[in-house]
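Chains, contacts and geometry: an overview
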Amino acid sequence: MSGTLPRLACTAALAAQAVLAPVPAAAAPRPQRSVSQLLTDLQQLYRQAEQAAETYNATAEKLKRQRAEVNRLDGELARARLALQDSRADAGRLARRQYQNGDADGLGPYVRVLLAPDPQHALDEGHVIGELARERARTVSRLSAAEQRQDALARAARTALDTQLTLAGRQKKQRDDVRTRLADVERLLASLTPAQLAAITALEQRGVTAAQQQLAASGALPTNTTASSEGGRAVRYALEQLGKPYAWGAEGPGAYDCSGLTSQAWEHAGTPIPRTSQEQWQLLRRIPLGQLRPGDLVVYFPEATHVAMYVGDGEVVQAPRTGETVKVSPLASYPVLGAVRPDQAPATEAR
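Thresholds applied
Residues numbered from 1 in each chain as written. Predicted model: local features only at pLDDT ≥ 70, side-chain atom pairs only at ≥ 80, totals over all residues. Heavy atoms only, no water. Pairing = 2+ DSSP bridges. Helix = DSSP H or I, 4+ residues; strand = E, 2+ residues; numbered from the N terminus. 1 Å grid on protein atoms, 1.4 Å probe; cavity = no way out; pocket = protein on both sides within 12 Å on 5 of 7 lines; lining within 4 Å. Points joined across faces, edges and corners; volume = space filled by probe spheres on them. Nonpolar A, V, L, I, M, F, W, Y, C, P; charged D, E, K, R; others polar. Buried < 20%, exposed > 50% of the residue type's maximum accessible area, 1.4 Å probe, protein only. Phe/Tyr/Trp six-rings, centres within 6.5 Å; stacked < 30°, edge-to-face > 60°. Axes fitted to C-alpha atoms, helices over the stretch in contact; angles between N-to-C directions. Parallel < 35°, antiparallel > 145°, perpendicular 65-115°, else oblique. Left-handed = near helix turned anticlockwise from the far one by under 90°. Contact = heavy atoms within 4.5 Å.

1. Observations regarding the pairing of strand β6 (residues 336-341)
By the bridge criterion, three bridges tie strand β1 (residues 285-287) to β6 in an arrangement that is antiparallel. Residue pairing for β6: I287 is matched across the bridge by A339. With four bridges connecting them, strand β2 (residues 297-300) and β6 associate as antiparallel partners. Within β6, the residue paired with L297 across the bridge is V340.

2. Let's talk about empty space enclosed by the protein
Scanning all chains against the criterion turns up two cavities of 30 Å³ or more. Its volume calculated, the largest cavity comes out at about 60 Å³. Looking at the largest cavity, the residues that line it are Y46, A49, E50, A53, L182, Y246, W248, R321 and T322. Its residues assigned to classes, the lining of the largest cavity comprises six nonpolar, one polar and two charged.

3. What about helix α7 (residues 258-268)?
Most of α7 sits inside the fold, with nine of its eleven residues counted as buried. By the burial criterion, the buried members of α7 are C258, S259, G260, L261, T262, S263, Q264, A265 and W266.

4. Re the packing of aromatic side chains
Inspection of the entire model under this criterion finds two aromatic pairs. Here Y300 and Y334 contribute two aromatic rings whose centre-to-centre distance is 5.6 Å and whose plane-to-plane angle is 65°, an arrangement assigned as edge-to-face. Of this pair, Y300 sits in strand β2 while Y334 sits in the loop between β5 (327-330) and β6, and the two are 34 residues apart along the sequence. By the burial criterion, Y300 is buried, and Y334 matches it. For the pair F301 and Y334, a centre-to-centre distance of 5.6 Å together with 65° between the ring planes defines the contact as edge-to-face.

5. Details of the packing of helix α6 (residues 229-240) against α7
It is the contact of α6 with α7, at a shortest axis distance of 8 Å, that shows an interaxial angle of 130°. Taken together, α6 and α7 sit at an angle that is classed as oblique. Once α6 is placed against α7, the crossing between them reads as right-handed. Contact with α6, carried on its side by E230, G231, A234, Y237 and A238, involves L261, Q264, A265, W266 and H268 of α7 and no other residues of that element. Taken together, the residues of the contact of α6 with α7 break down into six nonpolar, three polar and one charged.

Listed below in structure tokens is the structure:
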């Protein structure tokens, strides 16, 4: 992981020092955890919080799509009901017309054709009768189809609404889980002294530096790569967000989470991509790290729960974690899973 620990950490630590009562002299001293143990615990809590946030984001996207589907089905159902009304009106008009054209002597139209003295008149009458029969068949068919479509759409709309309610309930539980994870982070930060925070920050930075050097030594980092025109626009947008705070579930413009930043950057570049880091990893084209060009996405952790945008020179722009802001960091800030390319456009000419 990279960068300084959140400003929240310092605030929480100072607040904890101010409000916590001194430990009684008779109390047994608590065993002191090492700086490396504290860093491991803090990194694990951050990772759990981000996993919960990305799960929440995935459900939020499903809920957004489901709401759109419910609205679409409601619109189709309303149109189907109007069509059914029209079909019933047509059937009613046909029935009234047939009744009004009935004979006073009780003879049906087919008998009148057989008894007609004029053969041509009989043929004309037969044509009319045939057309009436076909019109009646068409009207009945339309009415039946309209009734079936309305019933099918009504069932689909009820099912879609049930799914929406289920997703909404799941989203609420996941939101509560994220808040619980973040509370765990805050409690640990509040328990640390400024000296411990400084030591953790230094240890974390040394780990990032070593990981970056190892990546460079392996030859995995790209050199002299240029962005596509879309990738260049995505990078410019992401860099314009520097200094804005991280907030889980946020897609800008005031704050972002990791995948909110990358998805919005590519949206503004004219190439919409999936919302969550896991979907970005699953659905976008994977590329070797050595082929990275600015605008490509670097995905982190085995579960693909964090993502950043490559900007060149071995660096990424990212919304790191709660309490921090959008910033440029070494590519090896977190354990790298792989890289994906949102667009298929060729790179621009190097200048």
